[in-house]
Amino acid sequence: MRDLSIPAVFSSLPSQGSSMTDSIMSKAATMEIPINSNGDTGTLPEDDGLEQAAQIQWRLDEKDLQQVMVSGPNLNETSIVSGGYGGATEGIIPTSSIKGPAIRVNPKNLGISRIPAPGQGPSMHHSGSGSSAGADDAARGVAVEKFDIMKKWGLNTYKCTKQMISERFGRGSRTVDLELEAQIDVLRDTKRKYENVLRLARALTNHFYSMVQTQHALGDTFADLSQKSPELRDEFGYNAETQKLLCRNGETLLGAINFFVSSINTLVNKTMEDTLMTIKMYENARLEFDAYRADLEELNMGPRDAATLARIDTAQQQYQIHKEKYERLRSDVTIKLKFLEENKVKVMHKQLLLFHNAISAYFAGNQQQLEQTLKQFNIKLKPPGEDKPSWLEEQ
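Under an unreviewed UniProt entry, the protein has the name AH domain-containing protein and belongs to Conger conger.

Written out as structure tokens, the structure reads:
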């Protein structure tokens, strides 16, 4: 057995450069040192270079390991095992005990333009981040505005509901304009009565239309029988002429009644309804005005500290705003009621005269007067078959 002591090994090392040492280590990395079961070494190869490499591998000092760590990958989470693949446990060197400069990688080699420092955000896409921040601010502003609207609406609803309940139970006072309230009641009663007139006039139109259609069919039947019954030709003939004349006069009367129904419908469901919508807005404004008035009166009856004075100022402003709104709508209602009354008298005078003259002329059998009535009120009858849909509309 040769002497494998460390001094002997180093004394027998050739004085070549580092390239020689690297080649020897690369060969030694693939070798294994057999160990017998009794702990003695077996027969070693006779190659002096391999024996020296096995000993040099165990003599790598800490400085050389640090140099390897600097030039190699970061091994902070691993360990270095000396002696190849089968090294002993005491040959493990934890990397946490190795001190040296950190590994630095050139970002240009990885295609990264810039790595932000710790605590700094990415420096790319400044315009995108700015636009997103502006969008967030706009969305936040819209949300705050909606919240304020909902808050005001909820507060206003609460005050109006409280005022309404107080009025229902006789605990709260309300502002009343006796003259205006009387006019509003008259208008609502008039509208109900005119709606009844409109309903009856439509029923009369439907019934009379059915009668005219029946007269038309009866006249056609009489005319047909006049042709097929020689013994009763004259009797069937003049009855057919009478029914056709009544049918023609009935169509003229239907034109007058339809014009009457259309005018009453416009007066009731458009003119009066528009005025009633303004009245509804006026009543809501009156309720809001009384609610804020009661709130201001309640605050004035309380203590006069700094917080209460601020609330009184706010309540005074809200009271003034709703007072102006209430007075403006009250003026609008007064004006609309006046114009509605004038318009109603003018329209009903014309329509009632038309209805009377047309009905009288029809049942008197005065065809000339009936036609003159329609000309007087500029009523144009639709030609026969105009109401029938065209063949394109039937498709």
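More follows now that the structure is in view.
Caption draft 1: Just the overall build of the protein, in detail. A tally of helices and strands in the protein yields ten helices and two strands. Within the protein, buried positions represent 25% of all 395 residues. Within the protein, residue pairs in contact and separated by at least 24 positions form 76% of the contacts whose partners lie at least 6 positions apart. Surface summary for the protein: the accessible area is close to 28200 Å², and the carbon and sulfur share equals 56%.

Caption draft 2: A look at the nonpolar core. Counting residues in each nonpolar core, the largest one holds 43 residues, and the members touching the most others are Ile 184, Leu 187, Ile 279, Tyr 282, Val 333 and Leu 337. Broken down by secondary-structure element, the contributors of at least two residues to this core are helix H6 (178–228), helix H7 (233–300), helix H8 (306–364) and helix H9 (367–376). The element that contributes the greatest number of residues to this core is H7, accounting for 18 residues. When sequence neighbours within four positions are dropped, the list of residues in contact with Ile 184 reads Ile 279, Tyr 282, Val 333 and Leu 337.

Caption draft 3: Quick look at the packing of H7 against H9. It is at 10 Å that the axes of H7 and H9 come closest, and there the two elements cross at 25°. Judged by the angle between their axes, H7 and H9 are roughly parallel. Every pair of crossing elements has a handedness; the one defined by H7 and H9 is left-handed. Residues Leu 245, Arg 248, Asn 249, Thr 252, Leu 253 and Ala 256 of H7 form the contact with H9, whose own contacting residues are Gln 367, Leu 370 and Leu 374. Here the residues of the contact of H7 with H9 sort into five nonpolar, three polar and one charged.

Caption draft 4: Fine view of the side chain of Arg 293. Considering the arrangement of structural elements, one finds Arg 293 in helix H7. Engagement of the side chain of Arg 293 in a polar contact is seen with the side chain of Asp 290, the distance being 3.2 Å.

Caption draft 5: Just unusual backbone geometry, in detail. Positive phi, close to 55°, is recorded for Asn 378, a residue that is not glycine. Along the chain, the position of Asn 378 falls in the loop between H9 and helix H10 (391–394).

Caption draft 6: Inspection of the packing of aromatic side chains at higher detail. Following the criterion strictly, the structure yields seven aromatic pairs and no others. Seen in terms of ring centroids, Phe 222 and Phe 236 are 6.0 Å apart; in terms of plane orientation they differ by 40°. Their pairing is tilted. In this pair, Phe 222 sits in helix H6 while Phe 236 sits in helix H7, placing the two residues 14 residues apart along the sequence. An angle of 20° between the planes, with centres 5.6 Å apart, marks the rings of Tyr 282 and Tyr 326 as stacked. Placement of the pair is Tyr 282 in helix H7 and Tyr 326 in helix H8, with a sequence separation of 44 residues. Across this residue pair, the class does not change: Tyr 282 and Tyr 326 are buried.

Caption draft 7: Up close: the packing of H7 against H8. One way to put it is that H7 packs onto H8 with a least axis distance of 7 Å and a crossing angle of 165°. With respect to each other, H7 and H8 are oriented roughly antiparallel. For H7 against H8, the interelement crossing comes out left-handed.

Caption draft 8: Examining the environment of Asn 269 more closely. Residue placement: Asn 269 occurs in helix H7. Overall, Asn 269 belongs to the partly exposed group, its relative accessible area being 39%. Each C-alpha atom of the pair Asn 269 and Glu 195 lies 8.7 Å from the other, and the pair is 74 residues apart in sequence. Among the polar contacts listed, one links the side chain of Asn 269 to the side chain of Asn 265, at a separation of 2.5 Å.

Caption draft 9: Up close: H7. For H7, built from 68 residues, the straight-helix expectation of 100 Å at 1.5 Å per residue is met to within 8% by its first-to-last C-alpha distance of 97 Å. Remark: the principal bend of H7, roughly 35°, maps to Glu 273.

Caption draft 10: Up close: the pattern of salt bridges. Scanning the model with the defined rule gives 13 salt bridges in all. Ionic pairing is found between Asp 290 and Arg 286, a salt bridge with its closest N-O pair at 2.6 Å. Of this pair, Asp 290 and Arg 286 both sit in helix H7, separated by four residues, roughly a single helical turn. No difference in accessibility class separates Asp 290 from Arg 286, as the two residues are buried. With a closest N to O distance of 3.2 Å, Lys 344 and Glu 341 form a salt bridge. Of the two residues, Lys 344 and Glu 341 both sit in helix H8, three residues apart, roughly one turn of that helix. Overall, Glu 341 belongs to the partly exposed group, its relative accessible area being 41%. Residues joined in a network through salt bridges with shared partners are Arg 286, Asp 290, Arg 293 and Glu 297.

Rules used throughout
Residues numbered from 1 in each chain as written. Predicted model: local features only at pLDDT ≥ 70, side-chain atom pairs only at ≥ 80, totals over all residues. Heavy atoms only, no water. Helix = DSSP H or I, 4+ residues; strand = E, 2+ residues; numbered from the N terminus. Buried < 20%, exposed > 50% of the residue type's maximum accessible area, 1.4 Å probe, protein only. Contact = heavy atoms within 4.5 Å. Areas by Shrake-Rupley, 256 points an atom, 1.4 Å probe, with all protein chains shown as cover. Core = buried A, V, L, I, M, F, W, Y, C linked by side-chain atoms within 4.5 Å. Axes fitted to C-alpha atoms, helices over the stretch in contact; angles between N-to-C directions. Parallel < 35°, antiparallel > 145°, perpendicular 65-115°, else oblique. Left-handed = near helix turned anticlockwise from the far one by under 90°. Nonpolar A, V, L, I, M, F, W, Y, C, P; charged D, E, K, R; others polar. Polar contact = N/O pair within 3.5 Å; in protein donor to acceptor, adjacent residues only side chain to side chain. Phe/Tyr/Trp six-rings, centres within 6.5 Å; stacked < 30°, edge-to-face > 60°. Expected span 1.5 Å × (residues − 1). Bend = angle between axes of the 7 residues up to and from the residue. Salt bridge = Lys/Arg side-chain N within 4 Å of Asp/Glu carboxyl O.

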